[in-house]
There are 2 protein chains.
Amino acid sequence: MAIRYALLGLLTKGPHSGYDLHSIFKTQHIYFWNSTHSQVYQELNKMRDEELVTYETIVQEGSPNKKLYTITHKGEKRLIEWMMEEAIKPAKIKDEFLLRVSAFQAISVEEAITLLERILAREKAILAGTSQWQLEYYGEHTHPSYLEIGSYLTSEFGKRYAKMYVEWCEWALELLESYRV
Amino acid sequence: MAIRYALLGLLTKGPHSGYDLHSIFKTQHIYFWNSTHSQVYQELNKMRDEELVTYETIVQEGSPNKKLYTITHKGEKRLIEWMMEEAIKPAKIKDEFLLRVSAFQAISVEEAITLLERILAREKAILAGTSQWQLEYYGEHTHPSYLEIGSYLTSEFGKRYAKMYVEWCEWALELLESYRV
DNA sequence: CCGCCCATGTAATAAGTTACATGATTCC
DNA sequence: GGAATCATGTAACTTATTACATGGGCGG
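Owing to the predicted nature of the structure, the values given are computational and were not obtained by experimental measurement.

Chemist: Explanation requested: the environment of glutamate 148 of chain B in the structure shown.
Modeler: Residues and elements named next belong to chain B. Secondary-structure assignment places glutamate 148 in the loop between α6 (109-138) and α7 (149-177). Since its relative accessible area comes to 22%, glutamate 148 is described here as partly exposed. For the pair glutamate 148 and tyrosine 138, spaced 10 residues apart in the sequence, the C-alpha separation amounts to 9.5 Å. Not counting the four nearest positions on each side in its chain, glutamate 148 is found in contact with Tyr137 and Tyr138.

Chemist: What is the right way to look at the sheet that holds strand β3 (residues 66-71) of chain A in this model?
Modeler: Strand pairing in a sheet relies on backbone hydrogen bonds, with the paired strands running either antiparallel or parallel. Residue and element names in this part refer to chain A. If you trace the three strands from one edge of the open sheet to the other, you get β1-β3-β2, paired in antiparallel fashion. Two strands close off the open sheet at either side, each with one partner strand: β1 (16-17) and β2 (53-58). Alignment of β2 against β3, held across six bridges, turns out to be antiparallel. Within the sheet, the bridge partner assigned to threonine 57 lies in β3 and is lysine 67. With respect to the sheet, helix α3 (residues 37-49) is in contact with β2 and β3, its orientation differing from that of β2 by roughly 115°.

Chemist: Help me understand α3 of chain A, please; the structure alone is not making it clear to me.
Modeler: All names here are of chain A. In a regular helix each residue adds 1.5 Å, so 13 residues correspond to 18 Å; α3 covers 19 Å between its end C-alpha atoms and thus fits that length. Those residues of α3 that fall on the buried side of the exposure criterion are Val40, Glu43, Leu44 and Met47. Down the axis of α3, the smallest arc covering the buried residues is 105°, so these residues share one side. Every exposed residue of α3 that faces more than 90 degrees away from the buried side is listed here: Gln42 and Asp49. Contact partners of the buried residues in α3: α1 (3-11), α2 (18-26), β2 and β3. Backbone geometry just downstream of α3 places glutamate 51 in the positive-phi region, at approximately 60°.

Conventions used here
Residues numbered from 1 in each chain as written. Chains lettered and ligands numbered in written order. Predicted model: local features only at pLDDT ≥ 70, side-chain atom pairs only at ≥ 80, totals over all residues. Heavy atoms only, no water. Helix = DSSP H or I, 4+ residues; strand = E, 2+ residues; numbered from the N terminus. Buried < 20%, exposed > 50% of the residue type's maximum accessible area, 1.4 Å probe, protein only. Contact = heavy atoms within 4.5 Å. Pairing = 2+ DSSP bridges. Axes fitted to C-alpha atoms, helices over the stretch in contact; angles between N-to-C directions. Expected span 1.5 Å × (residues − 1). Arc of directions from axis to C-beta.

Structure (structure tokens):
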């Protein structure tokens, strides 16, 4: 039920197609939500039925026609109601890698180190990508317009998350080394 | 399909009941997975059918009887196979609060600050809880036995995650203050 | 006496993923 | 010629959540 608020939130910044919206989840400058294209298209159709969004078909040459979705007044009202709700559910995280880490006692130190090194490389790449993206998008601006405040705050969160992950990996590798032989 | 590996991982540290296993998810010294009791009980039954776990009924007085589950050789083999798989899926995070943050442009600065302050308080409490738990559980030990390595590494991750969250909240509040008036 | 902890389960519903389906364009 | 991008959708399936169900013990 919350996927719709993710979509409505993105639509407050302007009209987007389903493809655009899914791309935002996929290309990850979003660290706090994820989805698949099929879910996005289905939710958009439901929201159109409930009049939370409207769309306009854009005829394109060279690429397929697309539907540009716009949030309605009703949709905006619904979003804000949800944002102001008392209860905020705790984050749900499913991190397969940390799940493997939590069972490291079942494998050898050497195997554990190999796994950690793989993830360290991955997280370093993610950190570099996010920092690069933030720089390109906001430049030296450390004070974006209020319209951008949401994505600015969360992109900084993403950067900090990636940095924390890298530092934790390095710390964990050092600790694991001490169990070797 | 991954919930089973979470359970198998926990069972490598010794026998547990379904209730125990769910409590570990619920009382949060786990920052990388979550589940509900109904899913835990159902998955344990499935794994018993596939002979990945066995159980023994413990008759108790004063409290209801319980089933103590133990991982089988087959279960351990299956877990290790999974741990060593090449592909590691990226983490899936669903954080309702960050979702609200990402739509801050739809509400006023004052309302945004109120929301952030609420979360800052919550995250501070979580950080305090985790640090306290880690201290009680591991004491001054910064080098636990290899059997504990999995939960030690991930509890440290949890602490760092909570710390990062608190620091980000404080940074975000400061930035938001500058948009006031 | 009310609510929480212990302890386990099933049924119904919702949410999310993967596979199936199509098709032009562009880059290597 | 093959893969990736743009663009949308449906069908089948798996996973996850919520509600329903039971019941004794214990503390305030």
